[in-house]
Amino acid sequence: MNGSRSILEAKNLQVRKAGSLVLDVPLLRIEEGEILSLIGPNGAGKTTLLQAMARLIKLSQGELCFRGENVSSNHAQFEYRRRLAMVFQEPLLFDTTVYENVAAGLKIRGIKKSAIQRTVAENLKRFGIAHLAHRSARKISGGEAQRVALARALATQPEVLFLDEPFSSLDPPTRESLLEDLESVLRETKTTTLMAVHDRMEALRLSDLIAVMNHGRILQVGPPGEVMNQPLDEFVASFVGVETILSGQVVRKEGGSFIASIQGHYIEAVGKVELGESVVLCIRPENVTLMVPPFKEPTSARNVFPGTIVKVTPLGLFYKVQLQCGFPLVAYVTSHSLENLSLREGKEMVASFKATSIHVVRKKEKGRPVSLNA
Amino acid sequence: MDLIFEGILKAFFLLFTFDPEVMGITLLSLEVSGAATLISLLIGISAGTIIALAEFPGRKIIVSLVNTGMGLPPVVVGLFVTIFLWRNGPLGFLGILFTPLAMIIAQAVIATPIVMGITLAAIQALPKNLRLQIMALGATRLQMVWILVKEAKLPLLAGVMAGFGGVISEVGASIMVGGNIKGYSRVLTTATVMETSRGNFEVAIALGIILLLLAFFINWILTRIQQKERPR
Amino acid sequence: MKRSKSPWIIFGGIILLFVAGWIPAYGQQKNIILATTTSTQDSGLLDVLIPIFEKKTGYFVKTIAVGSGQAMAMGQKGEADALLVHSPAAEKKFVAEGYGVNRRIVMHNDFIVVGPAEDPAKIKGIKATTSAFKKIASAGALFLSRGDNSGTHAKEKAIWKAAEIKAEGQKWYQQTGLGMGQTLNVAAEKKGYTLADRGTYLALKKNLRLDILAEGDAILLNVYHVIEVNPAKWPKVNVAGAKAFADFIVAKEAQEVVKTFGVDKFGSPLFFPDAGKKEEELGK
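Visitor: Is there a simple way to explain the overall build of chain C in this structure?
Guide: Across its full length, chain C holds 12 helices and 10 strands. In chain C, which comprises 284 residues, the share counted as buried stands at 46%. Considering only contacts in chain C between residues 6 or more positions apart, those separated by 24 or more positions represent 76%.

Okay, here's the thing in structure tokens:
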């Protein structure tokens, strides 16, 4: 980014397992104090990347620099590991008390007992588990156990924190509460964090940067807004929650906007394209408005399409409405709207979305697709 | 049946009058098997942990050998140790055949594979990522092994008890390499065999009962340690 | 790490001390390995003689009691320094083949034929043991043999041979493969005949229901010799020690002990001292 040294820099990182390449990252830089989330499907390589960057596994190729120094020799690796901490999906607590667990990292470093007492108390308090100090680690709930694991990790005051889907095995309310606490601790300590998450909502909330991975590669890295709204390719798009992805061709150009032909329908979008070019249009479901025909209110949306509701799926706080307008379209509506508009399968609706809300991905013949729009 | 009853009576008589010969035999049994178990502990747990954690070509063969070793016939061990230790054997210059030391060696050879095999299984049964977690806490190799061993304390202690049990009750190798010399290399098991062959069944039973009591006592202590670690 | 290492060092130190305590404090030259038979040891005579010898000379005698065959084998391999055995035929071969030197007679005891009080083969009172054995064979009465190549077994085989009877394989002839005491118990249990040394029988008499049915015959004499293993064949042998022991056991002091051993316990001595005599002189 600028002249300052990134705290962590991975170059040409490759890891092979049983001959095949499971991780291939040409470059990844993390600045001090940043929280970077890795998202991707199972098997994408998130865990491998985390473990490689924590130097817990062997690299088949490439190097990792911590504060500018290459971490390569066994001794360098050991010293590096002393300055980081990692929490896994399972709490992996030791068969002893909660206190002893949190103190584990400190004991390993040979810190004096009085200092240990102070630090452990502080971290137990941070994560709200002070009352469990003398309980056996085997006799606490899953959420409490992860809190202990986090307290244990942060007790050593790591310069980099690695988290591998630490909330995956928890139920939503527990997850929610833990996320809050973790967020405040991370903001307070300004710890550089590299975190693999399964739920992109978690990523959105905590992160300064999101990296989308698949097949051992990082497909896109950027601030959450950018990755969510300007996915670089179809895979990223579908992974970050773009529900409507349409392929078509540019048939008309007018200044900054153009018309694309999608399965016989014409959709207007904004972007720099060539006539005849193949494009992929990404429409986030939040940007699709539904109206009951006939409607009288004028709309500034250029894209207005009648369609039939094919499926309504409840998604917790809102509903996912799938429409068939000649092309598939997905909208999110609140339960309030669902009631008001009496949305149900088979109902005829009119959907509209602004041309400016469409994210256009140009499909090049060769090379990687290029994403347009600011 | 009354033979057994007489034997029990004799056992208590010998114990409560602190019969010096029986006391000596019992103490020696404890010392020899205790030392052998300790040695097997040190070698077995370290080697077992190393094999469990490391990856190297031929590992599967080594593991098979260890598992086979768990079932080594003690008499065969005794024979081989004797051949090594007797005067004209490769280690004859040590002059330790027919000594308690030879018995410790033979018993250690019997117990070590048992402890090693159980350690191997116990360490491999730990959660896969535990090793990485410990490394991520900044542990040195040695610290990591120590923590893993502590985590596997339950099955490991079972292994110790198995090893101890195997040697406190061993007689074939002990007779061969020890010589059952009165007041010197005679232990409870070898004395029992001798008394039986002499036809002194009541004494033999008494010694057998004392052996059982000894074994029970030791295992009681070990079990207390093992179960003490159960979470509250 | 610093703190957790010290208990281990102490631990290791204790083990080393433990172990070191057993490395023969006596030193090689002070050890004598005496190979003898189980029946000799079981008589208890050595428990009296050995301590006297050890006190007098400072040697440490490792008495290894095994079967006669194994004792000789140990001598042949140079794993023993001296032998105290009672298998004259085998002993003579042993010396002839150069494995042993200074074969000297020490003492004798005798064998007896014991059996159930009912005496189904009616051998009681028969003087010649060979005749008694013949009667047992023709009656098909149960006979227990040790079958372990011990001195007792060798003697028993010799008697069968002299009686010209092939006992092995016969239905009434059973081999226990056990020591003398156990074999006596089996014989008592199954109400069979057996050949036993007087000493072991007397020691177990009160618990056995077996009577002495034949004794006193010259063929029943059990002669003990002491043999020193030949250092020419096995240089590692403790020559001085073996000689010291052999000299001791044929000397007056030891022979006196032999003469009186067992009298207070059984009413009659178990052994008869013979040092200096010739083998042929023994018996009647």
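After that view of the structure, there is still more to cover.
Visitor: Is there a simple way to think about the packing of helix α5 (residues 142-155) of chain A against helix α6 (residues 172-189) of chain A in this case?
Guide: Each packed pair of helices is defined by two parameters, the angle between the axes and the distance between the axes. Residue and element names in this part refer to chain A. Viewed as axis vectors pointing N to C, α5 and α6 meet at an angle of 15°, and their least axial separation amounts to 10 Å. Judged by the inter-axis angle, α5 sits roughly parallel to α6. For the pair α5 and α6, the sense of crossing is right-handed. Of α6, the residues touching α5 (which contributes G143, Q146, R147, L150 and L154) are T174, L178, L182 and V185. The residue inventory of the contact of α5 with α6, partitioned by class, reads five nonpolar, three polar and one charged.

Visitor: I keep staring at the sheet that holds strand β2 (residues 20-30) of chain A and nothing clicks. Help me out?
Guide: Pairing between sheet strands relies on hydrogen bonds along the backbone, with the strands arranged either parallel or antiparallel. Ordered in space as β2-β1-β4-β5 (chain A), the four strands form an open sheet in which the pairing is antiparallel. Among the strands making up the open sheet, the edge pair consists of β2 and β5 (69-70) of chain A.

Visitor: Is there a simple way to think about the interface of chain C and chain B in this case?
Guide: Interface size, as often reported, equals the accessible area lost upon joining of the parts. Listed by partner, the interface residues are 27 residues for chain C and 24 residues for chain B. Of the residues belonging to the side of chain C that touches chain B, the class tally is 12 nonpolar, nine polar and six charged.

Visitor: I keep staring at helix α7 (residues 141-151) of chain B and nothing clicks. Help me out?
Guide: In an α-helix, one turn spans 3.6 residues, which is why side chains three or four residues apart end up on the same side. Taken together, the buried positions of α7(B) are Q143(B), M144(B), V145(B), I147(B) and E151(B). For α7(B), the elements touching its buried residues are α3 (98-108) of chain A together with α2 (20-53), α6 (130-136) and α8 (153-168) of chain B.

Visitor: Where do I start with the pairing of strand β19 (residues 348-353) of chain A in this structure?
Guide: Working note: regular strand, side chains alternate between the two faces of the sheet. All names here are of chain A. Of the two faces of β19, only one is covered, namely that formed by M349, A351 and F353; the face formed by E348, V350 and S352 stays uncovered. Here strand β15 (residues 289-291) pairs with β19 via three bridges, running antiparallel. Paired with M291 across the bridge in β19 is V350. Judged from the six bridges that link them, strand β16 (residues 303-315) and β19 form a sheet pairing that is antiparallel. By the bridge assignment for β19, G307 is matched with M349.

Visitor: Looking at this structure, I do not really get the confidence of the model for chain C. What am I missing?
Guide: Detailed reading of the predicted model is not advised wherever pLDDT is low. Mean pLDDT over chain C stands at 85; residues scoring 70 or higher make up 88%. For this predicted complex, the interface confidence score (ipTM) comes to 0.78, while the overall pTM stands at 0.76.

Visitor: How should the packing of helix α5 (residues 100-124) of chain B against α8(B) be read in this particular structure?
Guide: All names here are of chain B. It is the contact of α5 with α8, at a shortest axis distance of 9 Å, that shows an interaxial angle of 160°. Here α5 lies roughly antiparallel to α8, going by the angle between them. Crossing hand, α5 versus α8: right-handed. Two secondary-structure elements touch here, α5 through Q107, I110, A111, I114, V115, I118, T119 and A122 and α8 through P155, L156, A158, G159, V160, A162, G163, G166 and V167.

Visitor: Please clarify how the domain arrangement of chain A should be interpreted in this entry.
Guide: Residue and element names in this part refer to chain A. Partitioning chain A into domains gives domain 1 (8-235) and domain 2 (236-371). On a C-alpha basis, the centroid separation for the pair domain 1 and domain 2 is 37 Å. Across the contact, 15 residues belong to domain 1 and 15 residues belong to domain 2. Of all the secondary structure elements, the ones that give two or more residues to the side of domain 1 that touches domain 2 are β10 (217-222), α8 (224-229) and α9 (234-240). Here the side of domain 1 that touches domain 2 gets three residues from one element, more than from any other, and that element is α8. Tallied by class, the residues present in the side of domain 1 that touches domain 2 amount to eight nonpolar, four polar and three charged.

Visitor: I'm lost on the nonpolar core in this one. Help?
Guide: Most often, soluble globular proteins have nonpolar side chains that are buried together. Counting 139 residues, the largest nonpolar core has A102(B), A106(B), L34(C), A82(C), L83(C) and F245(C) as its most contacted members. Counting the residues that make up this core, at least three belong to each of domain 1 (27-108 + 223-281) and domain 2 (110-220) of chain C. The residues contacting F245(C), other than those within four sequence positions of it, are I32(C), L34(C), F53(C), V61(C) and A82(C).

Visitor: How should helix α5 (residues 88-96) of chain C be read in this particular structure?
Guide: Residue and element names in this part refer to chain C. For α5, the full list of buried residues reads P88, E91 and F94. Relative to the axis of α5, the buried residues are bounded by an arc of 115° and lie together on one face. Exposed residues lying more than 90 degrees from the buried face of α5 are A89 and A96. Elements in contact with the buried residues of α5: α4 (68-76), β3 (82-85), β4 (100-115) and β9 (221-229). Two residues or fewer past α5, G98 is found with a positive phi of approximately 85°.

Visitor: How should I be thinking about the pairing of strand β14 (residues 278-283) of chain A in this particular structure?
Guide: Residues and elements named next belong to chain A. The buried fraction of β14 is high, at five of six residues. Where strand β11 (residues 244-254) and β14 come together, six bridges link them in antiparallel fashion. Note on β14: the bridge partner recorded for Q249 is S278. Relative to strand β20 (residues 359-362), β14 runs antiparallel, the two being bridged by four bridges. Counterpart to C282 in the pairing with β20 is H359.

Visitor: Teacher, can you tell me more about the domain arrangement of chain C here?
Guide: All names here are of chain C. Under the domain assignment, chain C is made up of domain 1 (27-108 + 223-281) and domain 2 (110-220). Taking only C-alpha atoms, the centre of domain 1 and the centre of domain 2 are 26 Å apart. At the junction of the two partners, domain 1 supplies 16 residues and domain 2 supplies 15 residues. Taken together, the elements giving at least two residues each to the side of domain 1 that touches domain 2 come down to α2 (38-43), α4 and α5. Counting residues per element, the side of domain 1 that touches domain 2 draws most heavily on α2, which supplies four residues. A breakdown of the residues in the side of domain 1 that touches domain 2 according to their chemical character gives five nonpolar, 10 polar and one charged.

Conventions we followed
Residues numbered from 1 in each chain as written. Chains lettered and ligands numbered in written order. Predicted model: local features only at pLDDT ≥ 70, side-chain atom pairs only at ≥ 80, totals over all residues. Helix = DSSP H or I, 4+ residues; strand = E, 2+ residues; numbered from the N terminus. Buried ≥ 20, exposed ≤ 12 C-beta atoms within 10 Å, placed from the backbone. Contact = placed C-beta atoms within 7 Å. Axes fitted to C-alpha atoms, helices over the stretch in contact; angles between N-to-C directions. Parallel < 35°, antiparallel > 145°, perpendicular 65-115°, else oblique. Left-handed = near helix turned anticlockwise from the far one by under 90°. Nonpolar A, V, L, I, M, F, W, Y, C, P; charged D, E, K, R; others polar. Pairing = 2+ DSSP bridges. pLDDT = per-residue confidence, 0-100. Domains from an automatic or database assignment. Core = buried A, V, L, I, M, F, W, Y, C linked by C-beta atoms within 7 Å. Arc of directions from axis to C-beta.

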